Amino acid sequence: MDGLGAPLFERERHGRNDAHRAGKDVACRARILLQQAETFYLRAQRAAEGHLRRLAIGFGLSSIALATKWVARFRTRFPELELVLDDMSSAEQVARLLSGELQLGFIRLPVPEALSACILQTDRLALVTPGEPVGPVCFDDIAGEALIALLPQRGQGLAWQIRQLYEHNGAQPKILQYASDVQTVLSLVAAGVGRAIVLLSAANIAPATVGLTPLDGEPAACE
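Everything in this summary refers to the structure shown in the same document. From a predicted model like this one, the values you see are computed outputs, not experimental measurements. (Residues numbered from 1 in each chain as written. Predicted model: local features only at pLDDT ≥ 70, side-chain atom pairs only at ≥ 80, totals over all residues. Heavy atoms only, no water.)

### As for the pattern of salt bridges
Applying the stated criterion across every chain yields a total of two salt bridges. Residues Glu-92 and Arg-96 are paired through a salt bridge, measuring 2.7 Å at the closest nitrogen-oxygen approach. Of this pair, Glu-92 and Arg-96 are both found in helix α3 (residues 90-99), four residues apart, which corresponds to roughly one turn of the helix. (Salt bridge = Lys/Arg side-chain N within 4 Å of Asp/Glu carboxyl O. Helix = DSSP H or I, 4+ residues; strand = E, 2+ residues; numbered from the N terminus.)

Printed below as a string of structure tokens:
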């Protein structure tokens, strides 16, 4: 096909069209786009008819400052809509977005192709220590240290980002203790149990008795 730089179909001798690999990929993505377009059309039609009066919005603790700012701005423009905010993990938000229970989520990338996403802010992994931030930190400073960590099932995106950091440096994370939520992780650090790696945006909910120091290097950056 002109403009794509690759053939999508090949006509066989008996007239049957056989899709190339590029053609199969384009067809798959086209189906997803058509589904998204249909969903958007139906939602826009419901809004135009006055049926859509409630938006369910998900957010995580790392995005609480960003979510509240954007929601406040949206409420100013559309005061007639009821906005319901729920705190939940990125994985739960994805599941509820796909099921239609949520209309919007503030989650960490990547997301399934069935969902549309745009980057609102970037984040970075940070080392949490008792007291003040400790200054520049590179991976070698923490490579062999056992850390307090959030349960993987409660923070899949964070766990994935930390694994990427360690795998990039040819290492495996060592866990001193798991915690069920970020607040508990921060509290354990404040109590002197150990140190931890969380997202830098967790500074929005961190107690004054801990410091967050960004980790150097590209693998520590995340969206």
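Picking up where we left off.
### Looking at the sheet that holds strand β3 (residues 54-59)
Sheet architecture is open: three strands sit in the order β4-β3-β5, paired in parallel fashion. Lying at the two open borders of the sheet, with one neighbouring strand each, are β4 (82-87) and β5 (104-106). Here the strands of the sheet are splayed against their neighbours by 20° on average, with no regard to which way each runs. Summarising the sheet, β3 and β4 pair through six bridges and their orientation is parallel. Bridge pairing in β4 links Ala-56 to Val-84. Running at roughly 165° to β5, α3 makes contact with β3 and β5 of the sheet. (Pairing = 2+ DSSP bridges. Axes fitted to C-alpha atoms, helices over the stretch in contact; angles between N-to-C directions. Contact = heavy atoms within 4.5 Å.)

### Here we look at the pairing of strand β6 (residues 123-130)
Summarising burial for β6: six of the eight residues are buried, a large majority. Pairing analysis gives two bridges linking β6 to strand β11 (residues 221-222), with the strands arranged antiparallel. Its bridge partner being in β11, Arg-124 is matched across the sheet by Ala-221. Where β6 and strand β9 (residues 196-199) come together, four bridges link them in antiparallel fashion. Its bridge partner being in β9, Ala-126 is matched across the sheet by Val-198. (Buried < 20%, exposed > 50% of the residue type's maximum accessible area, 1.4 Å probe, protein only.)

### Structural notes on the side chain of Gln-161
When you line up the elements, Gln-161 lands in helix α4 (residues 156-168). A polar atom in the side chain of Gln-161 sits 3.0 Å from the backbone oxygen of Ala-221. Each residue touching Gln-161, except ones within four places of it in the same chain, is listed here: Arg-108, Leu-125, Pro-219, Ala-221 and Cys-222. (Polar contact = N/O pair within 3.5 Å; in protein donor to acceptor, adjacent residues only side chain to side chain.)

### A closer look at the nonpolar core
As a rule of thumb, soluble globular proteins bury nonpolar side chains together. Counting 32 residues, the largest nonpolar core has Leu-125, Val-128, Ile-142, Tyr-166, Ile-197 and Leu-215 as its most contacted members. No other element matches helix α5 (residues 182-190), which puts five residues into this core. (Core = buried A, V, L, I, M, F, W, Y, C linked by side-chain atoms within 4.5 Å.)

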